[in-house]
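# A look at the structure
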Amino acid sequence: MTETLPDDAAGIARAAALLRAGSLVAFATETVYGLGADATNGEAVAAIFAAKGRPRFNPLICHYPDAEAAFADAVADERARSLAETFWPGPLTLVLPRRESSRISSLASAGLPSLAVRVPAHPAAQALLAAVGRPIAAPSANRSGRISPTKAEHVLAGLDGRIDAVLVSGPTSVGLESTILDLTAEVAVLLRPGGTPVEALEAIVGPISRIDAASAITAPGMMASHYAPRLPLRLDAVAPEPGEAWLGFGAAQPEASLMVNLSSSGDLTEAAANLFGALHQLDAEGTARGLTRIAVAPIPHHGLGLAINDRLARAAAPRA
Ligand code: TXA
Ligand code: MG
């Protein structure tokens with residue numbers, strides 16, 4: 001049985017006690033719900049992979065209450081410090097050299113000499129980190145290869161009975177996972193576009209190398225067929241064909257028997273927040289109504305549009 005806990009003081013205290021005892025607890029961050037475990041407990045971290053049904057031991061992001069705690073486990077240079085100053089707490093993950101003194105389970109970082117660290121902004125995540133007093137390793141709280149959860153009900157739909165508890169908060173505000181920036185070499189590399197636009201990072205640290213879509217998909221943990229709904233997707237569509245649900249963007253939209261508009265005002269931040277919820281909804285309702293595909297309107301590629309298009313391309317990729 002998976003306990004559902006309110007995100008009040010008592011719920012946070014219960015969730016923290018479970019995590020300290022090595023259990024798995026899902027909780028809200030501002031990006032998506034995470035599936036948390038004590039990052040210093042190798043068995044608890046291993047249980048994350050089992051619960052998600054992850055085929056491989058991909059490295060996980062370690063969550064901290066503040067930059068000082070994060071930089072006690074990973075080495076921050078000037079770039080990391082200015083980015084942390086500007087964007088933490090918030091949807092940015094930094095990949096940095098792992099300190100030898102770090103007590104993070106080597107499974108959490110998949111035996112790599114680097115560590116992915118992040119300081120989430122969501123008040124429930126902050127309260128939980130403070131109460132646990134240890135870093136929390138947390139991938140998105142979905143079954144491997146499925147769409148990331150932006151609501152507690154999405155978490156339960158995929159993981160009920162496989163995890164110990166869910167700390168229930170409202171829908172997440174950003175709706176896309178954090179941006180991941182690799183700072184282990186002289187050239188900063190964007191490993192995953194996400195909730196912090198890369199243009200905003202470049203304003204602080206200068207040019208960032210973007211690995212192209214094809215090689216991004218071969219980067220650790222970035223499988224092509226990720227975020228997959230059950231129904232196939234058709235991208236950059238002009239209008240739905242018979243049998244298709246419609247995922248729209250912008251003011252002028254075609255008629256469809258089943259449709260969700262990510263943002264009728266064409267706002268990319270609103271679209272990002274709605275993306276995974278819309279895919280969950282179209283997938284469930286479309287399947288129930290016997291539809292066979294989801295057609296998706298074109299989305300601009302700037303700002304958060306880069307991350308939205310990245311997730312759509314993965315959702316549309318041939319299944320592994
Ligand atoms: O917004 C988010 O980042 C959410 C919330 C829960 O914080 N977490 C999340 O975790 O999206 P996950 O496991 O779904 O994605 C983590 C990504 C993986 O693609 C993994 O390969 C990469 O981070 N990663 C983790 N550690 C790394 C490292 N040392 N080097 C390179 N990539 C790393
Ligand atoms: Mg994920």
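Residue positions are counted from 1 within each chain, in the order its sequence is given. Whichever chain is written first becomes A and whichever ligand is written first becomes 1, with later ones labelled in order. For a predicted model such as this one, the threshold for reporting local features is a pLDDT of at least 70, and the threshold for listing and counting side-chain atom pairs is 80 or more; totals across whole chains, interfaces and linings nevertheless cover every residue. Based on all heavy atoms of the structure, the side-chain values leave hydrogens and waters out of the count.

The next subject is the side chain of Thr 196. Here Thr 196 shows up in the loop between strand E10 (189–192) and helix H7 (198–205). To sort residues, take the accessible area from a 1.4 Å probe on protein chains only and compare it with the maximum for the residue type: under 20% means buried, over 50% means exposed, and anything in between is partly exposed. The class for Thr 196 is buried, based on a relative accessible area of 5%. Here a strand is any run of E in DSSP of at least two residues, a helix any run of H or I of at least four, and the numbering for each starts at the N terminus.

Moving on: the sheet that holds strand E7 (residues 136–137). Strand pairing requires that DSSP identify at least two bridges connecting the strands. One open sheet accounts for 11 strands, arranged E1-E8-E2-E3-E7-E4-E6-E5-E9-E10-E11; its pairing is mixed. The sheet is open, and its two borders are formed by strand E1 (3–6) and strand E11 (209–210), each paired with just one other strand. Across four bridges, the pairing between E1 and strand E8 (residues 165–168) is parallel. Considered in E8, the bridge of Leu 5 is made with Leu 167.

Looking at the protein, pLDDT values average 93 and 95% of them are 70 or higher. The quantity called pLDDT is the predictor's confidence in a given residue, expressed from 0 to 100. Two residues form a contact once any of their heavy atoms are found within 4.5 Å. Confidence drops under pLDDT 50 across residues 216–221; counting only partners more than four residues distant or on other chains, this segment forms 12 contacts.

Right, let's talk about empty space enclosed by the protein for a bit. Using a grid of 1 Å spacing that covers the protein atoms alone, one calls a set of points a cavity when a 1.4 Å probe fits there but cannot get out, and a pocket when the set is open and has protein on both sides within 12 Å along at least five of seven lines; lining residues are those with an atom within 4 Å of a point. Grid points are joined across faces, edges and corners, and a volume is the space filled by probe spheres set on the points. Summed over all chains, the structure comprises one cavity of 30 Å³ or more. Computed from the structure, the largest cavity encloses a volume of approximately 40 Å³. Lining the largest cavity are Pro 193, Gly 194, Thr 196, Pro 197, Val 198, Gly 303, Leu 304, Leu 306 and Ala 307. Gly counts as polar in this scheme, as do all residues outside two lists: the nonpolar Ala, Val, Leu, Ile, Met, Phe, Trp, Tyr, Cys and Pro, and the charged Asp, Glu, Lys and Arg. Here the residues of the lining of the largest cavity sort into six nonpolar, three polar and no charged.

Following the sequence through the fold, Asn 274 ends up in helix H9 (residues 268–288). With a relative accessible area of 31%, Asn 274 lands in the partly exposed category. Separated by 103 residues in the primary sequence, Asn 274 and Pro 171 have C-alpha atoms spaced 9.7 Å apart.

Below, the discussion takes up the sheet that holds strand E13 (residues 244–248). Read from one edge to the other, the open sheet built from four strands follows the order E12-E15-E13-E14, with strand pairing classed as parallel. Every interior strand has two partners, whereas the edge strands, strand E12 (233–234) and strand E14 (259–261), have only one. Pairing geometry for E13 and E14, over three bridges, is parallel. Bridging from a neighbouring strand, Gly 248 pairs with Asn 261 of E14.

On to the packing of helix H4 (residues 78–87) against H7. Interaxial angles span 0 to 180 degrees and are taken between N-to-C directions of axes, which are lines fitted to C-alpha atoms, for helices over the stretch in contact. It is at 10 Å that the axes of H4 and H7 come closest, and there the two elements cross at 130 degrees. When the axis of H4 is compared with that of H7, the two are oblique. Between H4 and H7 lies a crossing of right-handed hand. Contacts between H4 and H7 involve Arg 79, Ser 82, Leu 83, Thr 86 and Phe 87 from the former and Ala 200, Leu 201, Ile 204 and Val 205 from the latter. For the contact of H4 with H7, a count of residues per class yields six nonpolar, two polar and one charged. Angle categories are assigned with fixed cut-offs, so that under 35 degrees is roughly parallel, over 145 is roughly antiparallel, 65 to 115 is roughly perpendicular, and the rest are oblique. Each crossing gets its hand from how the near helix is turned against the far one by less than a right angle, where anticlockwise is left-handed and clockwise is right-handed.

What follows deals with the layout of surface pockets. In this structure, the second largest pocket encloses a volume near 380 Å³. Class assignment for the residues of the lining of the second largest pocket results in four nonpolar, six polar and six charged.

On the secondary structure map, Pro 97 appears in strand E5 (residues 92–97). The sequence separation of Pro 97 and Pro 113 amounts to 16 residues, and the corresponding C-alpha distance is 6.1 Å. Beyond its immediate sequence surroundings of up to four residues, Pro 97 is in contact with Asp 73, Ala 74, Val 75, Pro 113, Ser 114 and Thr 184.

The subject of this paragraph is the nonpolar core. As used here, the term nonpolar core means buried Ala, Val, Leu, Ile, Met, Phe, Trp, Tyr and Cys residues forming a set that is joined through side-chain atoms within 4.5 Å. Ranked by size, the top nonpolar core spans 48 residues in total, and within it Leu 35, Leu 83, Trp 88, Leu 94, Val 117, Ile 163 and Leu 181 carry the most contacts. Top element by residues in this core is helix H2 (residues 42–52). It accounts for five residues. Leave out the neighbours within four places in its chain, and Leu 83 touches Trp 88, Leu 92, Leu 94, Leu 181, Leu 183, Leu 201, Ile 204 and Val 205. Counting 29 residues, the second largest nonpolar core, distinct from the first, contains Tyr 227, Phe 249, Ala 272 and Leu 282.

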